[in-house]
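Read off the chains here:
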Amino acid sequence: MTGMIIETEKGKWEIICGLEIHCQIISNSKIFSGASTHYGSDANENVAFIDAGMPGMLPSLNERCVYQAVKTGLGLNAQINKYSEFSRKNYFYADLPQGYQITQFRYPIVGEGKVTVDLSDGTAKEIGIERMHIEQDAGKSIHDMAPDKSFIDLNRAGVGLMEIVTKPDFRAPEEAGAFLRKLRSILRYLGTCDGNMDEGSMRCDVNVSVRPLGSNEFRTRCEMKNVNSVKFVMTAIENEARRHIEVYENGGEIAQETRQFDPSTGKTKAMRKKEFAHDYRYFPEPDLLPLVLDDDYIARIKADMPELPDAKKSRFVNELGLTAYDAEVICENKETADFFEKAAKGHDAKKVANWLMGDFFGMLNEKKVELKDSPVSAENLGKLVELVTSNVINGKTAKDVFAIMADTGADPEKIVEEKGLKQVTDTGAIEAIVDEVIASSPDNVAAYKGGKTNLIGWFVGQVMKKSQGKANPGVVNNLLKQKLG
Ligand code: MN
């Protein structure tokens, strides 16, 4: 894939985009205090003195957050830096009572890495990770509770964040969308961030610039802060790129600035001139020692890594015979992949995948239930597929059995037994029905013999109907062809 090329009357343009993603670390307590990170508590319920910026309070680093960051770095195929440092990033805002954010600047905990994304045309692209550092989150300002007041909720202040910065490797909105979905999938597999963009636990800043196609220059970029869905990120990239092109083609210049994306219009508007690093007066955090990790610590986390989506996907393709597309869909979500593996155990994995992605997902959708609440268990889905592959029931009956399973949660073997649905493979029994059908439709027999051979379907249908769907369709077909000559 060559990326998205935007063509105007005056020329062709290429999009350059990089992302910065803030991901809330899954941990029980905050990164520098013992206050809870629970989402949905009453306002200011989870606030330690240091989270409120009380004078004289000292930060104490939560080891769990370090563990999670290293695990994430390994999941991004990235360099883990055994030496890192905390810095103060100074700025004033009402929801930042300390007057500075404790973050990492010159020496982040994670260095360069790479993530492979799969694109809709079947190709894959490698996206470079520039770095990842850990820092504290700010509180929340609430402006819509009263017309003349703003409120501050510090529950989020001090929650641990991982800030992942990509290289400017995206050339199309689709690539950024695929990356965010892949990143979210990796974080969820790792259990280091829940990836819920709508709750703000994963927030994306989007940097966009454009250049004439074929040029290697990097022009001025604009940043859109906190775009809160994958779809909005993709819209923001395209619309911002088009804005740049229009400015350039009319002889204007783009100013480096922070812009706000408005989901209702899809447009961006200027918020403020972009700050530069020197505006923040970064300096080493005097209240925290440098963070030094040893090889044993990193090795222990490595030993604790789950199988990640890429590895799982290639195992499903190479060992279980799934198509790349099926494996991709099934592996995006760990729960789905686990469910599939449980269902496929001991059965025809490819057929299980077909059922899962067809009737099963369709059923969940229709009933509006999540996988974890599925009335059809993984074991029972596997059993159903087995009943078909071992010729106990035919495909048509399997659909009826599945419908009963979806309503009752019952075991398919029991359903088949109780309702007497086993298919008839006894040739003698089927032959009797075939003879009956042939005898009762002389016109169609004559037509078939006269060359209308596609009537075979009609004959099969009649026999299946008379057998209440239980005849083995293969046997029916053979017998009919023999007898009709
Ligand atoms: Mn940050």
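Nothing here was measured: the structure is a model prediction, and the numbers come from that model.

J.: Report on the coordination of the manganese ion, specifying residues and quantitative values.
T.: Taken together, the protein ligands of the manganese ion are His22 (NE2), Glu135 (OE) and Glu163 (OE), with distances of 2.1 to 2.2 Å. Considered as a linear motif, the donors of the manganese ion on their single chain read H-x112-E-x27-E. Taken as a pair, His22 in strand S2 (residues 12-24) and Glu135 in strand S7 (residues 124-136) lie far apart in primary sequence, 113 residues in all. Both residues of the pair, His22 and Glu135, belong to the buried class.

J.: Explain a nonpolar patch on the surface residue by residue, including any values.
T.: Taken together, the side chains of Phe49, Met54 and Met57 make up a nonpolar region of the molecular surface, amounting to roughly 300 Å² of accessible area. When you line up the elements, Phe49 lands in the loop between S2 and helix H1 (63-75). Overall, the relative accessible area of 57% leaves Phe49 in the exposed class.

J.: Go over the packing of aromatic side chains with me, naming the residues and quoting the values.
T.: The tally for this structure, following the rule as stated, stands at 14 aromatic pairs. With a centroid separation of 6.0 Å and 75° between ring planes, the pair formed by Tyr91 and Tyr280 is classed as edge-to-face. Of this pair, Tyr91 sits in the loop between strand S4 (87-90) and strand S5 (100-103) while Tyr280 is found in the loop between strand S14 (267-273) and strand S15 (283-284), placing the two residues 189 residues apart along the sequence. Residue class for Tyr91 comes out partly exposed when judged on its relative accessible area of 30%. Their ring planes at 50° and their centres at 5.6 Å tell us that Trp355 and Phe402 sit as a pair that is tilted. With Trp355 in helix H8 (residues 349-367) and Phe402 in helix H10 (residues 395-408), the pair connects residues that are 47 residues apart, well separated along the chain. Assessed through its relative accessible area of 5%, Phe402 is described here as buried. Site record: aromatic cluster; members linked through ring pairs are Tyr91, Phe105, Tyr280 and Tyr282. The side chain of Lys399 reaches across the aromatic face of Trp355, ending 5.8 Å from its centre.

J.: Explain the pairing of S5 residue by residue, including any values.
T.: Residues Tyr100 and Ile102 line one face of S5 and the alternating positions Gln101 and Thr103 line the opposite face, and both faces are buried. The pairing of S4 with S5 spans four bridges and is classified as antiparallel. Paired with Arg88 across the bridge in S5 is Ile102.

J.: Describe the pattern of salt bridges, and please don't skip the residues or the numbers.
T.: A side chain with one charge may pair with a side chain of the opposite charge, provided their charged atoms come close. Using the criterion set out here, one finds 36 salt bridges in the structure. Each member of the salt-bridge network shares a partner with another, and the members are Glu240, Arg243, Glu257 and Arg259.

J.: How would you explain the sheet that holds S4 if you had to name every residue and give the values?
T.: Pairing is antiparallel across the open sheet formed by three strands, whose spatial order is S5-S4-S15. A single partner strand is all that each edge strand has here, and the edge strands are S5 and S15.

J.: Which residues make up the nonpolar core, and what are the values?
T.: One broad trend across soluble globular proteins is that nonpolar side chains are buried collectively. In terms of nonpolar packing, the biggest core is built from 103 residues, with Leu19, Phe179, Val206, Phe340, Phe360 and Leu381 touching the most fellow members. In terms of residue count, the dominant contributor to this core is helix H2 (residues 173-190) (nine residues). Each of domain 1 (5-300) and domain 2 (307-419) accounts for three or more of the residues forming this core. Excluding residues that lie within four positions of it along the chain, Leu381 makes contacts with Phe339, Ala343, Val352, Trp355, Leu356, Phe360, Val376, Phe402 and Met405. Counting 18 residues, the second largest nonpolar core, distinct from the first, contains Val434, Leu455, Met464 and Leu480.

J.: Account for helix H4 (residues 295-303), with residues named and values stated.
T.: For H4, the full list of buried residues reads Tyr297, Ile298 and Ile301. The arc that holds every buried residue of H4, seen down its axis, measures 95°, which confines them to one face. Residues of H4 that are exposed and point over 90 degrees away from its buried face: Asp296, Arg300, Lys302 and Ala303. Structurally, H4 contributes buried residues whose contacts are with H1.

Calculation rules
Residues numbered from 1 in each chain as written. Predicted model: local features only at pLDDT ≥ 70, side-chain atom pairs only at ≥ 80, totals over all residues. Heavy atoms only, no water. Donors = N, O, S within 2.8 Å, 3.2 Å for Na, K, Ca; no water. Helix = DSSP H or I, 4+ residues; strand = E, 2+ residues; numbered from the N terminus. Buried < 20%, exposed > 50% of the residue type's maximum accessible area, 1.4 Å probe, protein only. Patch = residues over 30% accessible without salt bridge, like charges linked within 9 Å, V, L, I, M, F, W, Y side chains within 5 Å. Areas by Shrake-Rupley, 256 points an atom, 1.4 Å probe, with all protein chains shown as cover. Salt bridge = Lys/Arg side-chain N within 4 Å of Asp/Glu carboxyl O. Phe/Tyr/Trp six-rings, centres within 6.5 Å; stacked < 30°, edge-to-face > 60°. Lys NZ or Arg CZ within 6 Å of the ring centre and 35° of its normal. Pairing = 2+ DSSP bridges. Core = buried A, V, L, I, M, F, W, Y, C linked by side-chain atoms within 4.5 Å. Domains from an automatic or database assignment. Contact = heavy atoms within 4.5 Å. Arc of directions from axis to C-beta.

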